[in-house]
Amino acid sequence: MRSPSFRSLFLLLMVTPVLVATAVLGWLSYRAAHEVLVQDAIRAVKISSQAREQLLITRLFRQRERAQGLLALVDKECAGVPVAGQRECFQRAMDDFRITEGALSARLVVPALGVMTVGEPTGAPDQGPRRLPPGQWVRFEPRREGGPRVYELVVDSGPLRLGLRFSASALDKLFLNPYGLGASGETFLADSQGFFITRPKYPSHSGDSHSIDARPMLTCLSGQDAAMLAPDYRGVPVIHSFRYIEEIGGGCIMAHIDQDEAFVPARRLGRRVVEVSVALVLVTVALSFLFARRLSLPVFGLIRSTSALRAGDFDAPVASGGPRELRTLALAFSDMARSLRESSAERARLLARETEAREDAEAQRSLLRLIIEQSGEGILMADARGVLRVFNPAAERYHGVPARELESSEWGRAYGLLSLDGEPLSEAQTPLARAVRGETVVNARWLVRAPDGVTRTLEGTASPLRHVDGTPAGAVLIAHDVTEQQAAEAERERLLREVDAERARLLVLSELSRALAESRLSLTSILDTTCRQLAQRVGDVCSLRLVSADGQWLEARAVHARSADVEARARVLLDSQPQSARTGISSVVLASGSPRMISPSPRTI
């Protein structure tokens, strides 16, 4: 494949950074401006939802104040009226207030007079308005098929309770005007079940025949105030802002605007950024082409001179035109041609020396290979990564398997490496692996189990290898078979142990004989002396028990221990727990007449 020309590379070098910088800066500026526009749109929707909340709360608060003022007034005025006319006084005041407030009906509960109702009937005539939970001002009645939504304002003043029912359509004027939300903007009020209270701008079954299940509505009904980008009740992507209204029993004020309308400025900005970026790139390409043409002519002259030098024509003239840097380069080419002429003979001499050195190195490698292969010691080498590279014939005889390039984690399984206890040798315990990690291991021993079942004991020294600069190059292990030597050492140790044991027995018998000679041969003294010597010379605790006269029990005649505390506890234990001569381990010993080795637990003393 042909490499690109200097002119092409120069154009690429000039244009590519501009393209990348333009794309990155354009994208960053667009994203920053887009984020600002999105935040402005979200802020506008938030302001609209907050304004509707203030209007609604203000309206309900004023209705509540006026209702409380009415209760305070009628309670004072009608209290001075005779009892027979008090009911008419309350009803007349209620009816005037209902008409003034535009309420559909009003119900008043007076303890002495019962329930009084004016306006439209509201169910059972003797049923007063129910008390609202704390923080709730009004109650929206359940939706009725084909009927208008109605909400009831309930206030208390001492023993009096007043309930005013209003048509929810009176709240529509608070939400119909979208103010600054644009042509697609909309605000509405929904109850705690997700049904419309005020009229929506767009027709939809959601919120009318069934509750609104859009994510913003569900989030708002959970008690949160927020703004988000999500589909609305129609499934259209919009910018939502919602406010949870506790005063109406958990409803929501929703305000939103279609994203298509809200993001028009952002899309217009994106097109403008693309147009400016394309114009900037075109200007850069044109200027780069002019500069590349101007610079490429002297370069082509240098290329022709270089071709002549490569063909061996060191006397060919070198073009020296163009900018200062190219002229400097041409001068360097001239100096290089002169140096080539002067060094041709030197190159021939160096080539001869290199050939001789290569042949010498090959001879040394061959000699080293013969030494490794014919050595009677097992030689193993691993590289710095822990891969086995050298495994000479002696090592193959020891392990019973041929050489394989394995990593250190596989050596124990492949070559049957075991510890002196017969356990599998882990990678951290393998001498060669330890040397690869930089540790020097001297005279280490381990077992090798060949595939034919023969187990050998190997002893070896592993050392790390390093390059001239000190960096790790690997490790080498030189090992030899010490199976027979280890067997001889084990036999020598066994004989030494037997001699030591015999010396200890002789010492015990000597001490016991001397102690018996000093005990004046009484049975009690003999038993006590024997038990004391055994506890001091052989074990930690000794107890001697004899069969009682009736042959049923074992009676303790002597108890001794190295520790006075242990001896005291042993005496208490033997005295508190008599031992039967016909049960337990003692009966077995008496019947067989042979000693038994048992665990020195308290129950067997």
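Above this text you will find the structure in question.
Residues numbered from 1 in each chain as written. Predicted model: local features only at pLDDT ≥ 70, side-chain atom pairs only at ≥ 80, totals over all residues. Heavy atoms only, no water.

Engineer: Is there a simple way to explain the overall build of the chain in this structure?
Structural biologist: Along the chain, the regular secondary structure elements total 13 helices and 18 strands. Long-range contacts, defined here as pairs at least 24 residues apart, represent 49% of the contacts in the chain between residues at least 6 apart. Summed over its atoms, the accessible surface of the chain is roughly 36,100 Å², and 57% of this surface lies on carbon and sulfur atoms. (Helix = DSSP H or I, 4+ residues; strand = E, 2+ residues; numbered from the N terminus. Contact = heavy atoms within 4.5 Å. Areas by Shrake-Rupley, 256 points an atom, 1.4 Å probe, with all protein chains shown as cover.)

Engineer: Just to check I follow, could you spell out the state of the cysteines for this structure?
Structural biologist: In a disulfide, the sulfur atoms of two cysteines are covalently bonded to one another. A complete count under the given rule lists two disulfides for this structure. The disulfide bridge from C78 ends at C89, spanning 2.0 Å between sulfur atoms. Between C78 and C89 the disulfide shows an S-S torsion of about -80°. By sign, it is left-handed. Taken together, the positions of C78 in helix α1 (residues 6–79) and C89 in helix α2 (residues 83–101) put the pair 11 residues apart, joining distant regions of the chain. For C78, a relative accessible area of 1% gives the class buried. (Disulfide = S-S within 2.5 Å. Buried < 20%, exposed > 50% of the residue type's maximum accessible area, 1.4 Å probe, protein only.)

Engineer: What am I meant to see in the sheet that holds strand β16 (residues 541–547) here?
Structural biologist: Within a sheet, each strand pairs with its neighbour through backbone hydrogen bonds, oriented either parallel or antiparallel. Pairing is antiparallel across the open sheet formed by three strands, whose spatial order is β16-β17-β18. Only two strands of the sheet have a single partner each, and these edge strands are β16 and β18 (579–580). Sheet topology note: the strand β17 (residues 553–561)/β18 ladder contains two bridges and is antiparallel. By the bridge assignment for β18, W553 is matched with S580. Relative to the sheet, helix α12 (residues 564–576) contacts β16 and β17, its axis offset from that of β17 by approximately 175°. (Pairing = 2+ DSSP bridges. Axes fitted to C-alpha atoms, helices over the stretch in contact; angles between N-to-C directions.)

Engineer: Sorry, what's going on with the packing of aromatic side chains here?
Structural biologist: Two measures describe an aromatic ring pair: the distance that separates the ring centres and the angle between the ring planes. Per the counting criterion, the structure on display carries seven aromatic pairs. Residues F188 and F196 carry aromatic rings whose centres are separated by 5.0 Å and whose planes lie at 80° to one another, so their mutual orientation is edge-to-face. For F196, a relative accessible area of 8% gives the class buried. Consider the rings of F391 and Y415, whose centres lie 4.8 Å apart with planes at 20°: the pair is stacked. (Phe/Tyr/Trp six-rings, centres within 6.5 Å; stacked < 30°, edge-to-face > 60°.)

Engineer: Help me understand the sheet that holds strand β9 (residues 251–258), please; the structure alone is not making it clear to me.
Structural biologist: Pairing within the open sheet is antiparallel, and its four strands lie in the order β6-β9-β8-β7. The outermost strands of the open sheet, each flanked by one partner alone, are β6 (186–190) and β7 (226–231). Taken over all neighbouring pairs, the strand axes of this sheet differ in orientation by 25° on average, direction set aside. Pairing of β7 with strand β8 (residues 237–245), which is carried by six bridges, proceeds in the antiparallel orientation. Within β8, the residue paired with A227 across the bridge is S241.

Engineer: Would you mind showing me how to read empty space enclosed by the protein here?
Structural biologist: If you roll a probe as big as a water molecule over the atoms, it shows you where there is empty space left. In total, this model carries two cavities of 30 Å³ or more according to the counting rule given. Lining the largest cavity are 13 residues; nearest its centre among them are L380, H399, L417, T430 and L477. Within the residue set of the lining of the largest cavity, elements represented by two or more residues are β11 (388–391), α8 (411–415) and α9 (431–436). Of the residues assigned to the lining of the largest cavity, the class counts are 11 nonpolar, two polar and no charged. By volume, the second largest cavity is sized at about 40 Å³. The wall of the second largest cavity is formed by F188, I212, A214, M217, D232, Y233, H240, M254 and H256. Along the lines of polarity and charge, the residues of the lining of the second largest cavity split into six nonpolar, two polar and one charged. (1 Å grid on protein atoms, 1.4 Å probe; cavity = no way out; pocket = protein on both sides within 12 Å on 5 of 7 lines; lining within 4 Å. Points joined across faces, edges and corners; volume = space filled by probe spheres on them. Nonpolar A, V, L, I, M, F, W, Y, C, P; charged D, E, K, R; others polar.)

Engineer: How should I be thinking about the layout of surface pockets in this particular structure?
Structural biologist: Within this model, the second largest pocket holds a volume of roughly 520 Å³. Lining the second largest pocket we find 29 residues, and of these R139, F140, E141, P142 and E152 sit closest to its centre. Of all the elements in the fold, those that place two or more residues in the lining of the second largest pocket are β3 (138–140) and β4 (150–157). Considered class by class, the residues forming the lining of the second largest pocket number 10 nonpolar, nine polar and 10 charged.

Engineer: Looking at this model, I keep getting lost on the pairing of strand β15 (residues 472–481). Mind explaining?
Structural biologist: On a regular strand, each side chain points to the face opposite its neighbour's, so the side chains alternate between the two faces of the sheet. With six bridges joining them, strand β10 (residues 378–383) and β15 adopt antiparallel strand pairing. Bridged to I379 within β15 is I478. Taken together, the nine bridges between strand β14 (residues 455–466) and β15 define a ladder with antiparallel strand orientation. The residue bridging T461 from the neighbouring strand is I478, located in β15. Two successive antiparallel strands, β14 and β15, enclose a turn made up of five residues, where G470 displays a positive phi of approximately 95°.

Treat this as a map of the structure, not an account of what it does.
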